[in-house]
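Descriptive structure summary
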Amino acid sequence: MTTLVVVKKNNEIVIAADSLCTFGDTKLSAAYDHSPEKILRHQDSYIALCGSAAHQLVFENLLKQNTLDLSSRNAIFESFCMLHPQLKEQHFLNPKEEDNDPYESSQVTALIANARGIFGVYSMREVFEYTRFWATGSGYEFALGAMNAVYPHLDSAETIAKIGIDTSATFDRNTALPMTLYKINV
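Heads up: these notes are all about the structure in this document. (Residues numbered from 1 in each chain as written. Predicted model: local features only at pLDDT ≥ 70, side-chain atom pairs only at ≥ 80, totals over all residues. Heavy atoms only, no water.)

**Some remarks on unusual backbone geometry**
The omega angle of the peptide bond from Leu 177 to Pro 178 is 10°, so this bond is cis rather than trans. With respect to the helices, strands and loops of the structure, Pro 178 is situated in the loop between α4 (157-171) and β11 (180-185). Its identity is not glycine, yet Phe 92 carries a phi of approximately 60°, on the positive side. Its location among the elements puts Phe 92 in the loop between α2 (73-89) and β7 (109-114). Take Phe 92: its relative accessible area is 69%, and that puts it in the exposed class. (Helix = DSSP H or I, 4+ residues; strand = E, 2+ residues; numbered from the N terminus. Buried < 20%, exposed > 50% of the residue type's maximum accessible area, 1.4 Å probe, protein only.)

Below you can see the structure in the form of structure tokens.
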């Protein structure tokens, strides 16, 4: 699994991710992984993915084929709706989660950062826009708690994001350093 965070504060937006990949009880640390990066760049946006390791290659391929509009909550929703048939037809996505789900799942959890804001995308194409910070992935509870504790006291979005990932790496068995971090000045 992984831990992803986004933070917005004082004209600075930061997105960060750990580097650990796990397969059941097996860990693939950054030292052994040629591609430990979990954050993709698309135009002026950063997209951090968690969940299946297959998502990384699938999204690298999809981003080469498509120009996504990631400028707002609604635009992100429309972009992910446009990607859903491609995920099923070109990449053989299994869209089934629970029997009582109201929609097919895209099986994707992502955080997005750009100069227009910080966003989260979830499996049924739910899109949230966050005002301060958010985290997702296996260590999200640790990251949210740590960032919530320091957010009022620190001025740097970068420092807050680092604390979120560091705390998750300390307490979540599926999160590990080093981290990748990107900063956007707004």
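**Focus on the nonpolar core**
In this structure, Ile 47, Leu 49, Phe 59, Ile 76, Phe 80, Ile 112 and Val 121 are the most contacted members of the largest nonpolar core, which totals 20 residues. Among the secondary structure elements, those contributing two or more residues to this core are β6 (45-50), α1 (54-65), α2, β7 and β8 (117-121). Leu 49 has contacts with Thr 2, Leu 4, Lys 38, Leu 40, His 55, Gln 56, Phe 59, Val 108, Thr 109 and Ala 110, leaving out every residue within four places of it along the chain. (Core = buried A, V, L, I, M, F, W, Y, C linked by side-chain atoms within 4.5 Å. Contact = heavy atoms within 4.5 Å.)

**Brief notes about the pairing of strand β5 (residues 39-42)**
Pairing between β5 and β6: 4 bridges, direction antiparallel. The residue bridging Leu 40 from the neighbouring strand is Ile 47, located in β6. The antiparallel hairpin formed by β5 and β6 contains 2 residues in its connecting segment, where Gln 43 sits at a positive phi of about 55°. (Pairing = 2+ DSSP bridges.)

**Details of the sheet that holds strand β1 (residues 3-9)**
What the 4 strands build is an open sheet, ordered β10-β1-β2-β11; its pairing is antiparallel. Pairing within the sheet leaves two strands with one partner each, and these edge strands are β10 (133-137) and β11. Strand-to-strand twist across the sheet, computed as the mean angle between neighbouring axes with direction ignored, equals 10°. Pairing between β1 and β10: 5 bridges, direction antiparallel. Residue pairing in the sheet places Thr 3 in a bridge with Gly 137 of β10. Where helix α3 (residues 140-150) meets the sheet, its contacts fall on β1 and β10, and the angle it forms with β10 comes to roughly 165°. Each of β1, β2 (12-17) and β11 is contacted by α4, which is oriented at about 160° to β1, the strand it contacts most. (Axes fitted to C-alpha atoms, helices over the stretch in contact; angles between N-to-C directions.)

**Some points on α1**
Counted at 1.5 Å a residue, the expected span for α1 with its 12 residues is 16 Å, and the 17 Å between its end C-alpha atoms agrees. All of the buried residues in α1 are His 55, Gln 56, Val 58, Phe 59, Leu 62 and Leu 63. Buried residues along α1 cover an arc of 165° about the axis, so they all sit on one side. Across from the buried face of α1, at angles greater than 90 degrees, the exposed residues are Leu 57 and Lys 64. Lining the buried residues of α1 we find β5, β6 and α2. (Expected span 1.5 Å × (residues − 1). Arc of directions from axis to C-beta.)

**Re α2**
For α2, with 17 residues, the first-to-last C-alpha span of 25 Å sits near the 24 Å given by 1.5 Å per residue. Along its length, α2 reaches its greatest deviation from straightness, about 25°, at Leu 83, and the proline Pro 85 lies no more than four positions downstream. What α2 keeps buried is the set Ala 75, Ile 76, Ser 79, Phe 80, Leu 83, His 84, Gln 86 and Leu 87. Looking at the buried positions of α2, the neighbouring elements they touch are α1, β7, β8 and β9 (127-130). (Bend = angle between axes of the 7 residues up to and from the residue.)

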